[in-house]
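As a plain string of letters, each chain reads:
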Amino acid sequence: MANVTIDGIEVEVADDATVLEAARAAGCDVPTLCFDDRQDPFGACRVCLVGIEGARAPLPSCTTIVRDGMVVDTRDERARRIASNVVDLVLSELPHAPDPDTELARVAAGFGFGAGHSPRWPGATHVGLEAERNHPYLAFDHDMCISCGRCVRACDEVQGTFALATVGRGFTANVVAGLDQGFRDSVCVSCGACADTCPTHAIWEVA
Amino acid sequence: MSKNLVELIRRHHAEDAPSALAVLKAAIDERGEITDDDRRAAAERSGLPEATVYGISTFYDDLLAPRGERHVRVCTGTACFAATGDAHVDAIRDGLGLGLGERAQDGSVSLAETVCLGFCHSSPAIRVGDVVDAGPGVVARVLGGSERAAPEPPARSTLATPVLTVRGAYAGLRRALTEMTPERLLEEVKAANVRGRGGAGFPAGTKWEFTRASEGTEKFIVANGDEGDPGSYIDKYLMEDNPELLIEGLALAGYAVGAQHGFVLTRSEYPRSKPALEEAVRRAHADGLLGEDVLGSGFCFDVTIVEGAGSYVVGEETALLACLQGLRGTVSARPPFPAQRGVFGLPTVVNNVETLSNMGYIAAHGAEAYQALSPGDTAGSKLVCFNERFASPGVYEVSFGTTMRQLCEDVAGGLRDGRSIKALQIGGPLAGILPASKLDTPFDYDALAAEGCMVGHGSILAFDDTTSMRDVARHLLHFGAAESCGKCFPCRIGLRRAHEMFSDGAPVDRASLEELLETLEVGSLCAHGSGMPAPLRSMLTHFPDELGLA
Amino acid sequence: MSNTVTTTCGYCGVGCRLDVHVDDDGRIERIAPTMDGPSNKGHTCLKGRFAHRFARHRQRLTTPLIRDVRGGEPRPATWEEAFDRIVSELGRIKAEHGPDALAGLASSRATNEDCYVMSRFMRAAIGTNNIDNCSRVCHSPTSYAMRKSLGHSGASGSFDDFELADALIVIGSNPTEAHPVAGARIKQAVIAGMKLVTIDPRRIELADYGDLHLGPRPGTNSAVLLGLAHVLHRDGLMDEEFMAARTDGWEELRDLIDEWTPEETERVTGVPAADLVRAAHIYGEARNASIAWGLGVTEHKYGSEAVRLICNLALMTGHIGRPGNALLPMRGQNNVQGSSDMGALPDTYPMYRSVEDESVARLFEERYGVALSRHKGYTIPQMFDAAVAGDLKAMYIFGEDVAQTDPNTAHVIHALESLEFLVCQDIFETETTRYADVILPASAFLEKDGTFINAERRIQLVEAAIEPPGEARTDFAIITELSRRMGHDMGLETPEEAMLEIAALTPDLAGVTYERLGRRGLQWPVAADGTDSPIMYETEFLTEDGRGQLAALPYKPPGSEASDEFPLVLVTGRRLQHYNAGTMTRRTGNLELVDHEVLEMHPDDAARAWVSDGDVVSVRSAYGRIEVAVHVTDRIEPGHVFTAFHFPEVRTNLLVGPSMDVNTSCPEYKVVAVDVRPVSEAPAERPALALA
């Protein structure tokens, strides 16, 4: 077991626990976008950055393993500022603001980005990608995808159907089902785990 | 990297299934484009899900551009940019009447962009099929259908006892297998304090030790031959013209770590590498230096050569492992480190080609002799290479501690055509830029780091006095954004935004740029996103007036 | 604003915990898996998550219906009128023919409390043990066999054992379609390194990830299991210490398995001898190994004997009573386990205590305040036989579509038509309600409170998220009200009170309270202090002498075999997108995903029959004929064909004969000799829904 201090609160966690787990054990809220309890940590969104005593720079709490005696500051100025910049960047790639009931909107609000926020680094957005609407339960607005990989991992690590994959690279990375066939014509089993985990409602349950 | 997909790959590999990437590469080589039928076939043969294969087929440059009967790839690397300011790109585009990534209607010819063919000594370079032509007149020759293979200067050494520029003869492997236990070899390598030559400078002996200590009987050695840094052609020389050193290094690593198999991941931009290595492997087998019972010692080791498909980030070790297994070359968070979970989820050493090429000398002559190759604290020698702007470009073996001025002026003969150095990019695009005023900085890890630069791969790329630094910034950010693997948010979006800031003539807000650079530096998952700001930082320090700042 | 209700899924036996989000107008917004659900851990399938719109389908029964004339159209009626009719008819028949002329069916889809009050209604208000439930036609052989071999009827372990096992055998079960969340958990475990042997005439999806697939001829499971036992013995893979300390019957079993060499097993089953040996070694050499099975084992003439032979394997190797060493029957419907546990069976009170046991009967008589019958009632097939014979005059069928799902459909319909009075209590009109005199509008699982018990013996709370539509009522309210009107006031106002009564009368459930069930439920037996039992048989079995009973039961051929006239063997099963008779899933978007039935056929057989993919064929057995489109696939072994029974247009069960398990009367759905031929014209269409 490792003793870790998070924002002044001491907690005892397993030796292989992540800083994020330790922070949660201490009751400290660390925002995340690519993290899902049902999946292995991914380390893509970098919104869970925290300050760690002795480290050169803030580190992502989801993929950093605790050390005995570690002192963590989840409110570290630089960590919060960089995380906030990342969320700002994420908002800037979307053609419109996320629905208020999405995880992204909640995380953004936590950084003070509400409705009407104009991005600090404006630029190209994901527009013109065709939406999928031919499934009785699932719809996919590709232009709202932030490539967090949660849907792909839900299909892989939870459901085991492997119907989804990340495609493209860099800024244009996105997600497709099967050979870009959509949910209906791919091997998708319609379990909905992707919609369940999507933080932006790019994949959403048709009401 | 998906544990499940890696496990599926492990199982299918055990039954000799090809990787999905290999099937897709073969398909586009054969038919010039990839169809859904090819993807289905790749899924079927590799044992990977169809969606996964789709993802792979949309990641690598080689799989994206359709190919005509003549497939022309124009190099847009930094050395070619430094030579022509991209005029050769415009010329070939206009000459063929095709945009980058386009194929003529009749299928006769196609044009694609490629980032660094490793002919930086003779820029600009253009590849037609597997023939790389370079140097003055290249565009006209290619347009006229008379391209020819460009010559490559031989590697030279400034050392009294060259290590990396003499043909390998397996003396180190012979000695290790007859006189040394694996533990003894490991101790020798640790004592030699070989720092990784791929850029990060991590001690190779420590990596070996971690992997040796990992549980499991099946382990692997991987040589990172994905020398993607534009301007660098050092590993290219080692793989193509001196492959014995690398194979010897792989076998030594295997012996020390307890691995039975090595892989080399080569670049598809270097079409000669894979055949050259495979030929060397075949010779080594014939000579009893690889195989079931190496030199009668009971040690078993074999080497497989795998070619990539065009992605800079694949040079990062986790992305390299993904590519080696035929997956998308995206970066994975560590832990787990390759020493714990590497190829097929098993303990793996990943070393750079040059790093491994040093091991034969260490095994043959010992750590002390190796330490003595350079005067200062840094052990061993280093290969460097110079771009076409220099009077005598090529690969040179040098000692650490030599000043940059000595290297540029004494070794490479200064710039050609009476031009003068404006700045140097040393060790690739993830390192800072050294202005001419700092040429007395020694070529060494710590000294360069103090100037925001690094040894990196060892490429030394000069921008001459005619170069616009704003154009350099735009060139580098275009490269950075295009090569981002797309996994972590800061790099995926941030590099795109940074490039956008420089893409038109508009003034760049300095505060905003610096905040973005810090976000990239702190937030990025790998050295691509965290390193791309380095040259920008240098330019902000040394050439603020040229950047068009607001 | 929305309100969230946490309940338990009403589809399969996995028992996913679900968060149902309900809007201010009382409509379901969406359903999401509960993160702390013990069996689903934040996951669920398309049925649990999406297929809830049937609950508000326009065809829901919203008012009682009465048929004034047999075969006529039913008319809406008031509850008062409906109850009066039922009370008077049941009363008349009881008075004229005695209580044993009446029978009731409880439902494996209903709650424990519903099933309990239904049993109490039949036993105390009517006075008969003629009560059964639809687990009769699926897992009754499992229940019977596990009680004989191990002492109790239920999984010996938990779904968590999938992650703890080093090896797993899945036999006669297709979890990725029929139990998707358990299937997903198995798949993850297999990719993570658990060894898997699948045994099924179809090459099921899990076989693609497993180490070994055995495809025995339908009906030869017992031979495979005897062959495995032979190899375990021959190759020294038994845990002899465990066997000596904790089992009986080895000598007889040893003599029996002696002849079941791999070669002999191959002759009978078609499974290559080498594969059989490998399978035995995978199971026998694993430190921790489990076995899961489904209706592919039970729905056979000797299904209960095959289950006992499965238990043998665990007893021979000591793969029981420890983490990772479970015997896991994959229960088909959500409450197959609970409906039987609650005593909705003709021979037992809750937790399998015999109706012939004087002390038990007294206990219930004392509580109910009436005299109770001491003799066993009819099983479901016996009910139909008795109805045709004229001995059974009335039935009360609750939540089951026997005319669609039960075998030998023609015989079932004849039985229903022979009754003097039939009450159906359901949420939709079904094939069965066509024969009902009174149809009562009941409630779906989303509309009721109570508990279900999943396939790992976990009792989990069910909480109403929405109101029943129109005048529909909860099953619990209907049955307790009817009982009161029949003169037996149970005095139970809520399902929770019923559970307290069950707990008070049942030592194995002594500590069960709704409060203790909480979010994660309890796995029975539950001691008075609330301690539950994730693992059973850790130190002793619950048989009379506390020892596991090895069963020396010889292989016998199935009741139906391919012949010159019927050269192919039909196996029936379930598809992912649909559930059972399809009553619910066909009224959801799932119908868009799969809107018709197909007959799966091997390419060789298809070529021989001159049919190709998509052709409509006539499938004929000794009992009936259906028409269905063909899907040609090499997932099925040559000589076999497969289809499901989700669509009334394709009344698959017309083909299934009267053959049934020798011990439990569970029908032999899994082996039907058929002949398949092309038909030139389109199939005779019937509307998808009886009265659409």
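On a predicted model such as this, the values are computed, not experimentally measured, just so you know.

Undergrad: Sorry, what's going on with the overall build of chain C here?
TA: Helices and strands together make up the secondary structure of chain C, namely 24 helices and 28 strands. A compact globule built from 692 residues should have a C-alpha radius of gyration of about 26 Å, and chain C, at 24 Å, falls within 12% of that. When the backbone C-alpha atoms are referred to their principal axes, chain C occupies close to 70 × 65 × 55 Å. Across the 692 residues that make up chain C, the buried fraction comes to 68%. If you take every contact in chain C between residues at least 6 apart in sequence, the share linking residues at least 24 apart comes to 74%. Accessible surface for chain C amounts to roughly 22500 Å². Of this, 48% is attributable to carbon and sulfur atoms. When the 68 positive and 102 negative side-chain charges of chain C are each reduced to one mean point, those points stand 2 Å apart.

Undergrad: I tried to follow the sheet that holds strand S3 (residues 109–114) of chain B on my own but got confused; where do I start?
TA: For sheets, the rule is that strands pair by backbone hydrogen bonds, running either parallel or antiparallel. Residues and elements named next belong to chain B. With mixed pairing, the five strands of this open sheet are ordered in space as S2-S3-S1-S4-S5. Looking at which strands have only one partner, the edges of the open sheet turn out to be strand S2 (102–103) and strand S5 (131–134). Both S2 and S3 contribute to a ladder of two bridges, which runs antiparallel. Paired with arginine 103 across the strands is serine 110, a residue of S3. Taken strand by strand, helix H7 (residues 87–96) contacts strand S1 (70–75), S3 and strand S4 (125–128), and its axis lies near 160° from that of S1.

Undergrad: Explanation requested: the pairing of strand S13 (residues 421–426) of chain B in the structure shown.
TA: Residue and element names in this part refer to chain B. Of all six residues making up S13, six are buried, and the element is well covered by its neighbours. In terms of strand pairing, S13 meets strand S14 (residues 433–435) through three bridges, oriented antiparallel. Residue pairing across strands places alanine 423 opposite proline 435, the latter belonging to S14. Hairpin remark: S13 followed by S14, antiparallel, with six residues in the connecting loop; positive phi at glycine 427, about 75°.

Undergrad: Sorry, what's going on with the interface of chain B and chain A here?
TA: Think of interface size as the accessible area that goes away when the parts come together; that is how it is often given. Contacts between chain B and chain A engage 50 residues on the former and 48 residues on the latter. Between arginine 169 of chain A and glutamate 483 of chain B there is a salt bridge, with the nearest N and O atoms lying 3.0 Å from each other. At the boundary of chain B and chain A, one finds 28 residue pairs in polar contact (both at pLDDT 80 or more). Per-element tally for the side of chain B that touches chain A: the top contributor is helix H21 (residues 489–503) of chain B, with nine residues.

Undergrad: How do you make sense of the packing of aromatic side chains when you look at a structure like this?
TA: Geometrically, a pair of aromatic rings is defined through the distance of the ring centres and the angle of the planes. The full count for this structure, using the stated rule, is 24 aromatic pairs over all chains. Note on phenylalanine 220 of chain B and phenylalanine 344 of chain B: the rings are 5.6 Å apart at their centroids and 80° apart in plane angle, and the pair reads as edge-to-face. Here the residue phenylalanine 220 of chain B occupies a position in strand S7 (residues 220–224), and phenylalanine 344 of chain B occupies one in the loop between helix H15 (317–324) and strand S10 (348–352), the gap between them amounting to 124 residues. By relative accessible area, phenylalanine 344 of chain B is classed as buried at 8%. Here phenylalanine 400 of chain B and phenylalanine 443 of chain B contribute two aromatic rings whose centre-to-centre distance is 5.9 Å and whose plane-to-plane angle is 5°, an arrangement assigned as stacked. With phenylalanine 400 of chain B in the loop between strand S12 (395–399) and helix H18 (404–411) and phenylalanine 443 of chain B in the loop between S14 and helix H19 (445–450), this pair connects stretches of sequence that are 43 residues apart. In this structure, phenylalanine 400 of chain B and phenylalanine 443 of chain B share a single accessibility class: buried. In this structure an aromatic cluster arises from ring pairing among Phe220, Phe263 and Phe344 of chain B. One Lys or Arg, arginine 153 of chain A, reaches over the ring of phenylalanine 42 of chain A and ends 4.0 Å from the middle of that ring. Lying across the ring of tyrosine 270 of chain B, arginine 267 of chain B places its NZ or CZ 4.8 Å from the centre.

Undergrad: It is not clear to me how the interface of chain B and chain C should be interpreted in this structure. Could you clarify?
TA: The interface of chain B with chain C comprises four residues on the first partner and five residues on the second. Between chain B and chain C the total buried area reaches about 400 Å² when both faces are included, carbon and sulfur atoms providing 46% of it. The three residues of chain B that bury the most area against chain C are Asn4, Leu8 and Arg11 of chain B, which together make up 89% of that side's buried surface. Remark: the boundary between chain B and chain C carries zero salt bridges. Grouping the constituent residues of the side of chain B that touches chain C by class yields one nonpolar, one polar and two charged.

Undergrad: Hey, could you run me through the side chain of glutamate 397 of chain B in this one?
TA: Residue and element names in this part refer to chain B. Counting through the fold element by element, glutamate 397 comes out in strand S12. Of the side chains bearing the opposite charge, arginine 197 lies closest to the buried glutamate 397, which forms no salt bridge; the N-O distance is 8.2 Å. Looking at glutamate 397, its side chain comes within polar contact range of the side chain of threonine 165, at 2.7 Å. When sequence neighbours within four positions are dropped, the list of residues in contact with glutamate 397 reads Arg156, Ser157, Thr158, Leu159, Pro162, Val163, Leu164, Thr165, Ser381, Lys382 and Leu383.

Undergrad: Looking at this structure, how should I read the confidence of the model for chain C?
TA: In low-pLDDT segments, the atomic positions of the prediction should not be examined closely. Residues and elements named next belong to chain C. Averaged over every residue, the pLDDT of chain C is 93; the share at 70 or more is 98%. Confidence drops under pLDDT 50 across residues 681–692; counting only partners more than four residues distant or on other chains, this segment forms 20 contacts. Here the complex is predicted with pTM 0.94, and the ipTM for its interfaces comes to 0.97.

Undergrad: Honestly, the sheet that holds strand S11 (residues 381–386) of chain B in this entry has me stumped. Any pointers?
TA: Residue and element names in this part refer to chain B. Reading across the sheet, the six strands line up as S6-S12-S11-S15-S13-S14 and stay open at both edges, with mixed pairing between neighbours. A single partner strand is all that each edge strand has here, and the edge strands are strand S6 (156–157) and S14. The pairing of S11 with S12 spans five bridges and is antiparallel. Residue pairing in the sheet places valine 384 in a bridge with tyrosine 396 of S12. Across the sheet, H18 is in contact with S11, S12, S13, S14 and strand S15 (459–464); its angle to S13 comes to roughly 110°.

Undergrad: Before we go on, may I ask you to explain the pattern of salt bridges in this structure?
TA: Residues and elements named next belong to chain C. Under the counting rule described, the total for this entry stands at 109 salt bridges over all chains. Across the salt bridge formed by glutamate 96 and arginine 92, the nearest N and O atoms sit 3.1 Å from each other. Here arginine 92 and glutamate 96 lie together in helix H2 (residues 79–97), a separation of four residues that amounts to about one turn. According to the relative accessible area criterion, arginine 92 is partly exposed, its value standing at 27%. Among the ionic pairs, glutamate 358 bridges to arginine 374, the shortest N-O distance being 2.8 Å. Here the residue glutamate 358 occupies a position in helix H16 (residues 358–368), and arginine 374 occupies one in the loop between H16 and helix H17 (380–389), the gap between them amounting to 16 residues. In this structure glutamate 358 comes out as partly exposed when scored by relative accessible area, which is 35%.

Undergrad: Quick question: what am I supposed to make of the pairing of strand S8 (residues 261–266) of chain B here?
TA: If a strand is regular, its side chains alternate between the two faces of the sheet. In terms of burial, S8 of chain B is a largely internal element, five of the six residues being buried. Since S8 of chain B and strand S9 (residues 302–307) of chain B lie parallel, the crossover through helix H14 (residues 273–286) of chain B that links them has a hand, and here it is right-handed.

Undergrad: Teacher, can you tell me more about helix H10 (residues 182–192) of chain B here?
TA: Residues and elements named next belong to chain B. Taken together, the buried positions of H10 are occupied by Leu185, Leu186, Glu188, Val189 and Ala192. Along the axis of H10, the buried residues cluster in a sector spanning 160°; they form a single face. Here the buried face of H10 lies against helix H9 (171–179), helix H11 (204–213), helix H13 (243–257) and helix H17 (359–371). Trailing H10 by a residue or two, asparagine 193 shows a phi angle of about 50°, which is positive.

Reading the values: the criteria
- Residues numbered from 1 in each chain as written.
- Chains lettered and ligands numbered in written order.
- Predicted model: local features only at pLDDT ≥ 70, side-chain atom pairs only at ≥ 80, totals over all residues.
- Heavy atoms only, no water.
- Helix = DSSP H or I, 4+ residues; strand = E, 2+ residues; numbered from the N terminus.
- Rg over C-alpha atoms; globule rule 2.2 N^0.38 Å.
- Buried < 20%, exposed > 50% of the residue type's maximum accessible area, 1.4 Å probe, protein only.
- Contact = heavy atoms within 4.5 Å.
- Areas by Shrake-Rupley, 256 points an atom, 1.4 Å probe, with all protein chains shown as cover.
- Lys, Arg positive; Asp, Glu negative; His and termini not counted.
- Charge placed at Lys NZ, Arg CZ, Asp CG, Glu CD.
- Pairing = 2+ DSSP bridges.
- Axes fitted to C-alpha atoms, helices over the stretch in contact; angles between N-to-C directions.
- Salt bridge = Lys/Arg side-chain N within 4 Å of Asp/Glu carboxyl O.
- Polar contact = N/O pair within 3.5 Å; in protein donor to acceptor, adjacent residues only side chain to side chain.
- Phe/Tyr/Trp six-rings, centres within 6.5 Å; stacked < 30°, edge-to-face > 60°.
- Lys NZ or Arg CZ within 6 Å of the ring centre and 35° of its normal.
- Buried area = accessible area lost by both parts, 1.4 Å probe.
- Nonpolar A, V, L, I, M, F, W, Y, C, P; charged D, E, K, R; others polar.
- pLDDT = per-residue confidence, 0-100.
- Right-handed = clockwise from strand over helix to strand, strands pointing away.
- Arc of directions from axis to C-beta.

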